[in-house]
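Architecture and fold: a report
Each chain, written out:
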Amino acid sequence: MLRVKLLDPSALPPIVAHPGEDLGYDVFGLDSVMLASRQTVRLRTGIAVEARHPQTGAPLGLLVRDRSSMAARGLACTGGVIDAGYRGEILIVMTNLGDAPIELKAGEKIAQMVPVPVLTGAVEQVENLEDSARAEKGFGSSGR
Ligand SMILES: O=c1ccn([C@H]2C[C@H](O)[C@@H](COP(=O)(O)OP(=O)(O)OP(=O)(O)O)O2)c(=O)[nH]1
């Protein structure tokens, strides 16, 4: 469940194209913007949100991810961690990775927000960690 507060008269609430199947809510950009090659901008959405688990009502965070159609145009979202308690305007951090400028129109779907549970807890400093099969091995240790 996503509760949405519109912060601007021309803001649009996020939508789900295929409810029950899609992972993310599509988010609309508020303004028309011209992104120069390699430029990174914070795009306004004009919305604030409160995401909750549909069954339990537990607060949920949101991860902003690319829409594949935007990524295919060379536009990449970075940042993107929306904390469960954040009530400010959702901003989409976007970079034009291409060599040519790209125009985004007001009211265009610019990103998607994927709900995620809050699993952070207290941080405990310890001397020893529980044994595991992997232990300290990494970076290709399991072979190709
Ligand atoms: O792409 C993003 C990333 C973050 N936020 C908002 C929601 C998030 O809850 C808040 C803080 O983000 P984050 O924790 O990533 O930023 P920080 O640089 O660590 O700042 P802070 O010290 O406020 O946590 O900013 C956005 O609107 N868009």
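Report follows, based on the coordinates. For every chain, the first residue of its written sequence is number 1, and the numbers climb from 1 along that sequence. Local features in this predicted model are restricted to residues of pLDDT 70 or higher, and side-chain atom pairs are both shown and tallied only at a pLDDT of 80 or more, whereas totals for entire chains, interfaces and linings draw on every residue. Hydrogens and water are ignored here; the side-chain numbers use all heavy atoms of the structure.

Let's shift gears to the overall build of the chain. A tally of helices and strands in the chain yields 1 helix and 11 strands. Working definition: helices are DSSP H or I runs of at least four residues, strands are E runs of at least two. Numbering for both runs from the N terminus. Listed N to C, the secondary structure of the chain is β-β-β-β-β-β-α-β-β-β-β-β in terms of helices and strands. Only the C-alpha atoms count toward the radius of gyration. The rule for a globule is 2.2 Å times the residue count to the power 0.38. Rg of the C-alpha trace for the chain: 19 Å, well past the compact-globule value of 15 Å for 144 residues, more than 25% over. Relative accessible area decides the class of each residue, using a 1.4 Å probe on protein chains only: under 20% of the type maximum gives buried, over 50% gives exposed, and in between gives partly exposed. Buried residues in the chain amount to 32% of all 144 residues. Restricting the contact set of the chain to residue pairs at least 6 apart, pairs at least 24 apart contribute 69%. On the chain, roughly 9700 Å² of surface is accessible, and the fraction owed to carbon and sulfur atoms is 53%. Side-chain charges in the chain split into 15 positive and 17 negative, and the spacing between the mean points of these groups amounts to 5 Å. Throughout, a contact is declared for two residues whenever any of their heavy atoms are within 4.5 Å. Values of accessible area rely on a 1.4 Å probe in the Shrake-Rupley scheme; residue burial ignores everything except the protein chains shown. We count Lys and Arg on the positive side and Asp and Glu on the negative side, and we leave His and both chain ends out. By convention, the point assigned to a charge is CZ for Arg, NZ for Lys, CD for Glu and CG for Asp.

Any two strands between which DSSP finds at least two bridges are classified as paired. A sheet is described by the order of its strands in space; here 3 strands give the open sequence E4-E9-E7, paired in antiparallel fashion. This sheet does not close on itself; its edge strands, each paired only once, are strand E4 (40–44) and strand E7 (75–78). Strand-to-strand twist in this sheet, taken as the mean axis angle between neighbours without regard to direction, amounts to 40 degrees. Looking at chain direction, E7 and strand E9 (residues 91–96) are connected through 4 bridges and run antiparallel. Note on E9: the bridge partner recorded for Thr-78 is Val-93. Axis angles are defined between N-to-C directions and span 0 to 180 degrees, where every axis is a line fitted to C-alpha atoms and, for a helix, only to the segment in contact.

Before going further, it helps to spend a moment on the pattern of salt bridges. Opposite charge on two side chains makes pairing possible when the charged atoms of those side chains draw close. Any Lys or Arg side-chain nitrogen located within 4 Å of an Asp or Glu carboxyl oxygen qualifies as a salt bridge. Throughout the structure, instances matching the rule amount to 7 salt bridges. The shortest N-O distance in the salt bridge between Asp-26 and Arg-67 comes to 3.7 Å. Note that Asp-26 is positioned in strand E2 (residues 25–28) and Arg-67 in the loop between strand E6 (59–65) and helix H1 (68–71), a separation of 41 residues in sequence. In this structure Asp-26 comes out as buried when scored by relative accessible area, which is 11%. Salt-bridge contacts for Glu-50 lead to Arg-52; the nearest nitrogen and oxygen are separated by 2.8 Å. Since its relative accessible area comes to 18%, Glu-50 is described here as buried. Where salt bridges share partners, they join Arg-3, Glu-50 and Arg-52 into one cluster.

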